[in-house]
Structure formats: C-alpha cells, structure tokens
Amino acid sequence: MKHLLILGGGSAGVMLANRLRKEVPQDGLKITVIEKKETHIYQPAFTLVVFDLDVPENLVRPMKGLLYEGINLVTDEVTKINPKSNSVTTAKNGDITYDYLVVATGAKYNYDEPIGMKAGLEKAEKVFTFYTLDGAIKLRDALKNFKGGTIACTVSEMPIKCPAAPMKFIMMAEDYFNSVRGIRDKVKFIFTTPMPAVFSREPYASKLSEIFKRRGIETIANFTPSDVDNEKCVVKDYGGKEFHYDLLCIIPPHEGESYIEESEGVGDAANWAHCDKHTMLTLKHSNIYGIGDATDFPTSKTASGVRKQAHILSNRIISHLKGEEPTDTYDGEIICPMLTKFNRVMFAHFNYTESMSPAIESYANWVLKVHMLRPLYWNLMLRGLM
Ligand SMILES: Cc1cc2nc3c(=O)[nH]c(=O)nc-3n(C[C@H](O)[C@H](O)[C@H](O)COP(=O)(O)OP(=O)(O)OC[C@H]3O[C@@H](n4cnc5c(N)ncnc54)[C@H](O)[C@@H]3O)c2cc1C
C-alpha cells in the first residue's frame with residue numbers, strides 16, 4: 001500500500017488528510033500526519049479577538065479530534081527531509097518513509113529583525129503583534145486602555161500570512177476609536193508597508209487608498225523597518241525615514257521552517273518550499289508536493305487558498321494512485337475578507353491573473369466573516385466537506 005506523509009497539521013495538513021481519507025478507502029492509502037503541537041489554532045480570527053468580536057477559547061482545539069479515523073497522527077517535530085531515501089527524520093520517532101510527501105509546515109516568524117522588535121514585544125507595553133493568539137489578546141487589552149496618541153501598524157517584510165490583515169487592523173482600530181471609544185480626535189493612525197502602495201490588486205487597491213485617505217490614516221509606502229527604538233518610541237527604516245508611535249502593532253518577517261534548509265532540493269533561500277505554482281510539485285522532486293503557507297506560490301498566504309489547494313492536491317494524489325497523469329492544477333485563487341469598519345467587510349477575490357469580485361463593502365460580507373466562517377472552518381472545511 002502507498003504511504004502519504006503530510007508534514008504539518010495546520011489548516012493545509014488537516015484539510016488535505018481528511019479530504020483524502022474521505023475519498024480513498026483505508027486499504028487504498030496509508031495517511032500519516034506529523035505535527036509538533038498538540039493543538040490546532042484558527043488564525044483568521046486573531047483579528048476578531050483584537051476587537052472583542054471573538055473569544056480565544058473558540059480558536060483552539062486539540063489535534064487529536066480533528067483527523068478522521070484511519071489517519072495516523074504522529075506528535076513530533078520534523079528535522080529533515082531525505083529525498084534520496086524517501087524518508088523524513090523526526091526528533092523523537094527516527095526516520096519515517098513515504099511514497100508521496102506533502103510539505104504543509106506553514107510559516108514561522110523571525111524575531112531578530114528589525115532590531116528592538118523582540119524586546120518591545122516581550123515588554124508588551126507599547127509594542128504588540130496580533131500574529132499570535134497571545135499577542136492578539138495583549139493588543140486587545142492595550143487598545144481598551146489607550147488614552148490617545150499615535151497608533152502605528154508596520155509590516156516588516158513581504159510575504160506575510162494574509163497580507164490584508166494589517167490593513168484590517170488599522171481600519172478597524174480607526175473605527176473602534178471613533179464609534180466604540182468615542183475618542184477618534186485624540187488618536188493619529190499611521191500605516192507602513194515595504195510595498196509601493198497599501199495593496200497591489202485592483203480594484204481593491206484604489207478602494208483601500210480612498211478609505212485610508214478619507215478616514216485620515218496616514219500611509220508610508222516603501223518603508224522597511226530596520227530599528228524599533230523602545231526608549232524613544234521611534235521606528236526607523238533602512239532609507240532614513242522614521243515615525244513616532246505611542247502604540248505600535250508590528251508584523252514580524254516571515255520565513256519557511258528551518259528544517260527545509262537541511263532538506264536537499266526542497267526550499268529556496270527563505271526556506272519556502274520551491275514549487276511549481278500550478279502543479280504544486282516541488283521543482284526537483286516528483287513525489288514531494290507543497291501546500292499552503294509553506295510554499296512560494298505567488299499568491300496570498302491564506303486559509304481560503306489552502307482550501308482550494310487541498311481540493312486540487314487530493315485529486316492529484318488520487319490520479320497518482322490510479323496510475324494516471326494528474327491534470328488538476330492550482331490557479332492561485334484566494335478570497336480575503338477585509339474588515340473595513342464595524343459591520344462592513346469587503347472581499348478581495350483573485351487568482352494569479354485576474355480579480356474576481358468588485359470592491360464593495362457590505363454587511364452581508366460582515367455576517368459571513370464574523371459569524372459564519374469559524375463554524376464553517378471547524379465543521380466543514382477542516383473535514384474536507386467544503
Ligand atoms: C493574523 C492573521 C489573520 C489571518 N486572516 C486570514 C483570513 O481572514 N482569511 C484566510 O483565509 N486566512 C487568514 N490567515 C492565514 C491562514 O491562517 C493561513 O494561511 C493558514 O493557516 C495556512 O495554513 P497552513 O497549514 O499552511 O499553515 P499553518 O496553519 O500555520 O500550519 C502549519 C503547521 O505545521 C506545524 N509545523 C511547523 N513546523 C513543523 C515541524 N518541523 N514538524 C512538525 N510540525 C510542524 C505547525 O505547528 C502548524 O501546526 C490569517 C493569518 C493570520 C496570522
């Protein structure tokens with residue numbers, strides 16, 4: 001019997017494993033997931049936690065209950081892929097062999113740069129991030145106690161998970177101090193991005209620029225932070241620009257997991273799995289696929305993209321099992337719900353080549369994002385039913 005080994009039990013690993021287990025009987029394929037953590041976290045609701053629109057308990061579930069019967073879960077850390085012997089080295093369970101391998105280990109944060117970011121985050125007095133659940137909770141509490149001054153959101157580098165999330169944060173914060181706290185006149189908002197503009201895709205880019213301008217959110221483009229000075233409360237960039245903050249929300253640089261570096265021919269310089277953007281196969285190995293945030297697909301790193309990719313990869317693996325040439329390919333499709341203010345969400349829906357939805361803020365989109373997506377995730381998406 002063929003053995004499919006999936007590295008990582010996040011959104012991508014669980015969606016793929018469950019979808020395949022549903023499609024392929026147990027005597028047709030052995031499926032193993034290696035995951036280093038005991039719990040699974042629903043990250044798209046971190047932004048909601050910051051504004052008290054969801055509670056942390058709803059976002060975390062034990063790994064064990066998430067996989068269908070007939071899927072082996074190994075709780076361990078992958079330390080290396082050995083493509084020559086079709087095996088993976090783990091911290092506790094030695095080497096595990098595979099016929100097909102899927103890299104689904106997501107992205108990790110690099111806290112070494114900009115200088116001073118790590119110390120600021122550890123102090124958690126004026127510097128925060130909502131890219132972890134713990135960080136989202138701390139930022140929520142800091143916003144509740146904020147009396148006035150400058151709130152800045154700065155993106156260190158690209159790519160990051162859900163590139164729209166920092167924009168959601170700053171737009172929601174502006175509305176929070178306007179409609180919830182009623183002290184908008186005491187708060188200045190700054191948004192910085194290393195990119196030439198807040199967003200690259202039309203028609204969403206123009207719409208977001210118009211919102212930022214109308215609501216007085218200052219934008220500093222082409223800003224790659226080099227230093228966070230926790231004493232003076234100043235962020236500097238490599239080009240000599242700087243700004244002052246009273247509360248800083250920072251998105252740390254992202255990279256692929258370190259074990260990719262040890263795995264011959266799997267990753268690029270930033271440890272992203274180097275894959276064909278359509279077939280999802282790594283470029284140098286015909287039986288190693290990549291999925292989700294761990295890859296270098298030139299599209300946004302989102303759970304919505306992962307859902308589409310899991311569907312395609314599941315079909316491709318079924319084709320392999322039948323001895324057929326896989327024909328399913330990924331077109332880069334993602335859907336990103338952008339919270340623009342309380343009760344309004346705009347969906348950015350696009351693929352590698354075109355935008356697929358208008359730039360419209362609506363209450364119906366809000367209901368879907370804030371009230372429906374999390375239950376849909378736990379009950380349908382993760383189970384491979386949607
Ligand atoms: C603040 C924020 C907001 C977001 N908002 C949205 C949104 O609105 N919509 C949307 O669609 N997406 C959103 N996302 C993105 C979404 O959460 C990710 O794209 C999605 O979770 C990616 O799934 P993944 O399986 O690739 O990675 P992950 O879900 O991160 O899973 C990777 C797994 O691999 C495991 N792992 C790592 N290294 C090893 C190892 N060496 N050995 C064993 N296991 C390992 C990790 O423990 C983890 O469980 C958001 C993310 C963040 C942070």
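Please read these numbers as outputs of a predicted model, since none were measured by experiment. (Residues numbered from 1 in each chain as written. Predicted model: local features only at pLDDT ≥ 70, side-chain atom pairs only at ≥ 80, totals over all residues. Heavy atoms only, no water.)

*Asks:* Explain the domain arrangement of the protein to me, please; I cannot follow it from the model alone.
*Replies:* By a frequent convention, interface size equals the accessible area lost on bringing the separate parts together. Structurally, the protein comprises domain 1 (3–106 + 257–333) and domain 2 (117–254). Using C-alpha coordinates to define each centre, domain 1 is positioned 31 Å away from domain 2. In this complex, domain 1 contributes 16 residues to the contact, which on the side of domain 2 involves 21 residues. Here domain 1 packs against domain 2, burying approximately 1600 Å² in sum over the two surfaces, 75% of which is carbon and sulfur. Contact with domain 2 buries area across many residues of domain 1, yet F46, V50 and F51 alone supply 37% of it, more than any other trio. Taken together, the links from domain 1 to domain 2 amount to 1 salt bridge. Here K144 ties to D52 by a salt bridge, and the two come within 2.9 Å at their closest N and O atoms. Along the contact surface separating domain 1 from domain 2 lie 3 residue pairs in polar contact (both at pLDDT 80 or more). Looking at which element gives the most residues to the side of domain 1 that touches domain 2, the answer is helix α2 (residues 46–50), with 4 residues. Of the residues that constitute the side of domain 1 that touches domain 2, the class distribution is 9 nonpolar, 4 polar and 3 charged. (Domains from an automatic or database assignment. Contact = heavy atoms within 4.5 Å. Buried area = accessible area lost by both parts, 1.4 Å probe. Salt bridge = Lys/Arg side-chain N within 4 Å of Asp/Glu carboxyl O. Polar contact = N/O pair within 3.5 Å; in protein donor to acceptor, adjacent residues only side chain to side chain. Helix = DSSP H or I, 4+ residues; strand = E, 2+ residues; numbered from the N terminus. Nonpolar A, V, L, I, M, F, W, Y, C, P; charged D, E, K, R; others polar.)

*Asks:* Is there a simple way to explain the pattern of salt bridges in this structure?
*Replies:* As a working rule, side chains carrying opposite charge can pair if their charged atoms are close by. Overall, the coordinates contain 16 salt bridges when judged by the stated rule. Between E255 and K108 there is a salt bridge; the shortest N-O distance is 3.5 Å. Of this pair, E255 sits in strand β19 (residues 254–256) while K108 sits in strand β10 (residues 107–109), and the two are 147 residues apart along the sequence. Assessed through its relative accessible area of 22%, E255 is described here as partly exposed. (Buried < 20%, exposed > 50% of the residue type's maximum accessible area, 1.4 Å probe, protein only.)

*Asks:* What exactly am I supposed to notice about the packing of helix α5 (residues 165–180) against helix α6 (residues 204–214) here?
*Replies:* Relative orientation and spacing of two packed helices are given, respectively, by the angle between their axes and the distance between those axes. Remark: α5 packs on α6, axes separated minimally by 11 Å, with the N-to-C direction vectors making an angle of 30°. In this view, α5 runs roughly parallel relative to α6, as classed from their interaxial angle. Crossing handedness for the pair α5 and α6: left-handed. Contacts between α5 and α6 pair M167, I170 and M171 from the former with L208, I211 and F212 from the latter. Taken together, the residues of the contact of α5 with α6 sort by class into 6 nonpolar, no polar and no charged. (Axes fitted to C-alpha atoms, helices over the stretch in contact; angles between N-to-C directions. Parallel < 35°, antiparallel > 145°, perpendicular 65-115°, else oblique. Left-handed = near helix turned anticlockwise from the far one by under 90°.)

*Asks:* For this particular structure, what's the right way to read the packing of aromatic side chains?
*Replies:* How two aromatic rings sit relative to each other is given by the distance of their centres and the angle of their planes. Per the counting criterion, the structure on display carries 21 aromatic pairs. When the centroid spacing of 6.3 Å and the interplanar angle of 90° are considered together, the rings of F51 and F342 count as edge-to-face. Of this pair, F51 sits in the loop between α2 and β4 (60–62) while F342 sits in the loop between β21 (334–341) and β22 (344–350); the two residues are 291 residues apart in sequence, bridging distant segments of the chain. Here F51 falls in the buried class, since its relative accessible area comes to 4%. We note K277 situated over the ring of Y352; from NZ or CZ to the ring centre the distance is 4.8 Å. (Phe/Tyr/Trp six-rings, centres within 6.5 Å; stacked < 30°, edge-to-face > 60°. Lys NZ or Arg CZ within 6 Å of the ring centre and 35° of its normal.)

*Asks:* How do you make sense of the layout of surface pockets when you look at a structure like this?
*Replies:* Space left empty within the atom packing is revealed by a probe, the size of a water molecule, rolled over the atoms. Quantified by volume, the second largest pocket comes out at close to 440 Å³. In terms of lining, the second largest pocket is formed by 22 residues, of which the most central are M158, P163, S200, T299 and S300. Across the lining of the second largest pocket, the residue classes break down as 14 nonpolar, 5 polar and 3 charged. In this structure, the lining of the second largest pocket is formed jointly by two domains, domain 1 (3–106 + 257–333) and domain 2 (117–254), each of which donates at least three residues. (1 Å grid on protein atoms, 1.4 Å probe; cavity = no way out; pocket = protein on both sides within 12 Å on 5 of 7 lines; lining within 4 Å. Points joined across faces, edges and corners; volume = space filled by probe spheres on them.)

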